[in-house]
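Now for the letters of each chain:
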Amino acid sequence: MASELTYRGGAAPGSPSNGGAYSPKPSKPLSWLTRAARYAAAEHRPVFALAGMLFAAAIFTFSSSSSSSSSPSDYPAASSGFSRFAVAASSGHPLQHESVGGKVPLGLRRRALRVLVTGGAGFVGSHLVDRLLERGDSVIVVDNFFTGRKGNVVHHLGNPRFEVIRHDVVEPILLEVDQIYHLACPASPVHYKYNPIKTIISLPRVKIKVEVFGPRWHKTNVVGTLNMLGLAKRIGARFLLTSTSEVYGDPLQHPQVETYWGNVNPIGVRSCYDEGKRTAETLTMDYHRGANLEVRIARIFNTYGPRMCIDDGRVVSNFVAQALRKEPLTVYGDGKQTRSFQYVSDLVEGLMKLMEGEHIGPFNLGNPGEFTMLELAKVVQDTIDPEARIEFRENTADDPHKRKPDISRAKELLGWEPKVPLHEGLPLMVTDFRKRIFGDQEDSTEAAGGQS
């Protein structure tokens, strides 16, 4: 097969010879321009670019003229809306969530948060969950249901912004949230004296083992709090610890202020709870100072309301359950020891204000109204059964003689104070207890009747 070769060293063989003279390549057009400029000018590209710009300008002019044909009466409404905005801003009054032209202005709607509530199926935790969901947040409840009840949160199971995880906080857990409310810990005498021996606490990232003999909730206070603080550090969440007025022990100062260091028996029967919470506060502040973690600390005083455990050993629930069952009201000691009682909705409001505020704490969250145990028994008698009798028993060890919060700091820095007095909150609790106590009895009777 023949092939044609091109001789690049000069003229091709057999072609007429021009004497071997060199013929240079023809010069390129517009050679005085750069290579990029020559490319842009070639093949009429500027003409097509100009045509495209003219076409786009024509479309823009046509759309602007059609929009300007709308009724002039639309403009006064818009201008009046902006004038209201300007007046509100200049007067110093907070802006109302009004919409201009039917749209919500940017920046006025609060961003929904993803919130973790440990112990969220318990008494206080479930009320906090109610408020957070009502506000529009997404809530994850972590609870081992030792003292919490599924019935406290069952009404949220159909809510897509609600999740519940059965988990013990003494074991690590990985979640992505913006805020952590750490409420997980049995708080009543009956529960915190249960299962008194727990051995070997292995602190994460610390290569030591310590044998601790104490109630199970002591591990919740220490290791559980450590796990939640570690989670908050990893994901950059704000952390709120619910501590207790028990950190003041049997106080020598009355009322108690946050700067009071307390009077705690470190080896008494109540010390596991008292010292456990004090240790939890220490861990929280160490994470704040050492890891720059955003933390908040609340010291909660006696709280009552619906969803309390019926037989948890706390004085309000004891008195209410005993009066409803026609049992004598048990008063320990002479009944002259004092307590302060706040309704659960007031506490939840305080916790949320603390979390959203810019102050670390600790803050006393309680009602400064002070009652002796005999005065409380009288209020319960007046509310439930005036004929209920009182039975005196020997006082328990290390029972504080007086307990009353000074909430001046919460008033000043959080703008919080309780609003529900005892004579208004107690009937709401009684209604809940009556339904649960006698409802359970009716269910038991029906079940027994069905088996017979």
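Novice: Mind showing me how you'd approach the pattern of salt bridges here?
Specialist: Under the criterion given, the structure shown has 20 salt bridges. Across the pair Arg 403 and Glu 246 runs a salt bridge, and its minimum N-O distance is 3.4 Å. Note that Arg 403 is positioned in the loop between β15 (390-393) and α11 (408-414) and Glu 246 in the loop between β7 (238-244) and α7 (271-291), a separation of 157 residues in sequence. For Arg 299, the salt bridge identified is with Glu 281, shortest N-O distance 2.8 Å.

Novice: So what exactly am I meant to see when it comes to the environment of Leu 252 here?
Specialist: Here Leu 252 is to be found in the loop between β7 and α7. With 148 residues separating them along the chain, Leu 252 and Pro 400 place their C-alpha atoms 9.8 Å apart. Leaving out residues up to four positions away in the same chain, Leu 252 has contacts with Tyr 260 and Asn 263.

Novice: Is there a simple way to think about the packing of helix α8 (residues 315-324) against helix α10 (residues 373-383) in this case?
Specialist: Packed helices, taken two at a time, are described by their axes: the angle between them and the distance between them. Two elements in contact, α8 and α10, have axes whose closest approach is 10 Å; the angle formed by their N-to-C orientations is 40 degrees. Relative to α10, the element α8 lies oblique. In terms of crossing hand, the pair formed by α8 and α10 is right-handed. Between α8 and α10, the contacting residues are Val 315, Val 316, Phe 319, Val 320 and Ala 323 on the first element and Met 373, Leu 376, Ala 377 and Val 380 on the second. Considered class by class, the residues forming the contact of α8 with α10 number nine nonpolar, no polar and no charged.

Novice: Before we go on, may I ask you to explain the pairing of strand β8 (residues 295-300) in this structure?
Specialist: Residues in a regular strand project their side chains so that they alternate between the two faces of the sheet. When you tally the buried positions in β8, you get six out of six residues, the bulk of the element. Here β8 shows two buried faces, one formed by Val 295, Ile 297 and Arg 299 and the other by Arg 296, Ala 298 and Ile 300. Bridging between β7 and β8 involves six bridges; their strand directions are parallel. Counterpart to Ser 243 in the pairing with β8 is Arg 299. By the bridge criterion, three bridges tie β8 to strand β13 (residues 363-365) in an arrangement that is parallel. Its bridge partner lying in β13, Ile 300 is registered against Leu 365.

Novice: What's the story with the nonpolar core in this structure? I'm lost.
Specialist: It is characteristic of soluble globular proteins that their nonpolar side chains tend to be buried jointly. Val 117, Tyr 181, Val 316, Val 320, Leu 426 and Phe 433 are the most contacted members of the largest nonpolar core, which totals 61 residues. When neighbours within four sequence positions are excluded, Val 117 is seen to be in contact with Gly 125, Leu 128, Val 129, Leu 132, Val 139, Ile 140, Val 141, Val 142, Tyr 181 and Leu 183. If you look at the next biggest cluster of nonpolar residues, it comprises 22 residues, including Ile 140, Val 142, Ala 237 and Leu 293.

Novice: Can you walk me through the environment of Leu 428 in this structure?
Specialist: Of note, Leu 428 is situated in helix α12 (residues 422-451). Relative accessible area serves as the criterion here: at 45%, Leu 428 is assigned to the partly exposed category. Once the C-alpha coordinates of Leu 428 and Gly 305 are considered, the two residues, 123 residues apart in sequence, prove to be 7.0 Å apart.

Novice: I tried to follow the sheet that holds strand β3 (residues 162-166) on my own but got confused; where do I start?
Specialist: Backbone-to-backbone hydrogen bonds pair the strands of a sheet. The strands run either parallel or antiparallel. Read across the sheet, seven strands follow the order β3-β2-β1-β4-β7-β8-β13 without closing on themselves; strand pairing throughout is parallel. At either margin of the open sheet sits one strand with a lone partner, and together these are β3 and β13. When strand polarity is set aside, the average angle formed by the axes of neighbouring strands in this sheet is 20 degrees. On the sheet, helix α4 (residues 123-135) packs against β1 (114-118), β2 (138-143), β3 and β4 (179-182) and is oriented at approximately 170 degrees with respect to β1. Helix α9 (residues 344-356) contacts β4, β7, β8 and β13 of the sheet and is inclined by roughly 140 degrees relative to β7.

Novice: What exactly am I supposed to notice about the packing of α4 against α9 here?
Specialist: For the pair α4 and α9, interaxial distance at closest approach is 10 Å and the crossing angle is 60 degrees. With respect to their mutual orientation, α4 and α9 come out oblique. Where α4 crosses over α9, the two elements pack in a sense that is right-handed. Along its contact with α4, which presents Phe 123, Val 124, His 127, Leu 128, Arg 131, Leu 132 and Arg 135, the element α9 presents Val 344, Leu 347, Val 348, Glu 349, Leu 351, Met 352 and Glu 356. Of the residues assigned to the contact of α4 with α9, the class counts are nine nonpolar, one polar and four charged.

Novice: Any chance you could explain unusual backbone geometry here in plain terms?
Specialist: Trans is the common state for peptide bonds, and a negative phi is the common state for residues other than glycine. The omega torsion of the bond from His 254 to Pro 255 falls at -10 degrees, within 30 degrees of zero and hence cis. Tracing the sequence through the fold places Pro 255 in the loop between β7 and α7. Each neighbour pair has its own omega, and for Gly 361 with Pro 362 the value is 5 degrees, a cis peptide bond. Looking at the secondary structure, you find Pro 362 in the loop between α9 and β13. The backbone phi angle of Phe 145 is positive, close to 60 degrees, even though this residue is not glycine. Take Phe 145: it is sitting in the loop between β2 and β3.

Novice: What is the right way to look at α8 in this model?
Specialist: Residues three or four positions apart in an α-helix share a direction because the helix packs 3.6 residues into each turn. Burial runs high along α8: ten of the ten residues are buried. Looking one or two places after α8, you find Lys 326, whose phi comes out positive at around 65 degrees.

Novice: I tried to follow a nonpolar patch on the surface on my own but got confused; where do I start?
Specialist: Together, Leu 50, Met 53 and Leu 54 line one region of the surface with nonpolar side chains, adding up to about 340 Å² of accessible area. Relative to the helices and strands, Met 53 is located in helix α2 (residues 45-67). Note on Met 53: relative accessible area 56%, which makes it exposed.

Novice: Teacher, can you tell me more about the pairing of β7 here?
Specialist: Summarising burial for β7: seven of the seven residues are buried, a large majority. Burial along β7 is two-sided: Arg 238, Leu 240, Thr 242 and Thr 244 and Phe 239, Leu 241 and Ser 243, pointing in opposite directions, are all buried. With four bridges connecting them, β4 and β7 associate as parallel partners. The partner of Tyr 181 across the bridge, within β7, is Leu 240.

Procedures and definitions
- Residues numbered from 1 in each chain as written.
- Predicted model: local features only at pLDDT ≥ 70, side-chain atom pairs only at ≥ 80, totals over all residues.
- Heavy atoms only, no water.
- Salt bridge = Lys/Arg side-chain N within 4 Å of Asp/Glu carboxyl O.
- Helix = DSSP H or I, 4+ residues; strand = E, 2+ residues; numbered from the N terminus.
- Contact = heavy atoms within 4.5 Å.
- Axes fitted to C-alpha atoms, helices over the stretch in contact; angles between N-to-C directions.
- Parallel < 35°, antiparallel > 145°, perpendicular 65-115°, else oblique.
- Left-handed = near helix turned anticlockwise from the far one by under 90°.
- Nonpolar A, V, L, I, M, F, W, Y, C, P; charged D, E, K, R; others polar.
- Buried < 20%, exposed > 50% of the residue type's maximum accessible area, 1.4 Å probe, protein only.
- Pairing = 2+ DSSP bridges.
- Core = buried A, V, L, I, M, F, W, Y, C linked by side-chain atoms within 4.5 Å.
- Patch = residues over 30% accessible without salt bridge, like charges linked within 9 Å, V, L, I, M, F, W, Y side chains within 5 Å.
- Areas by Shrake-Rupley, 256 points an atom, 1.4 Å probe, with all protein chains shown as cover.

Functional significance is not addressed by these values, which are geometric in nature.
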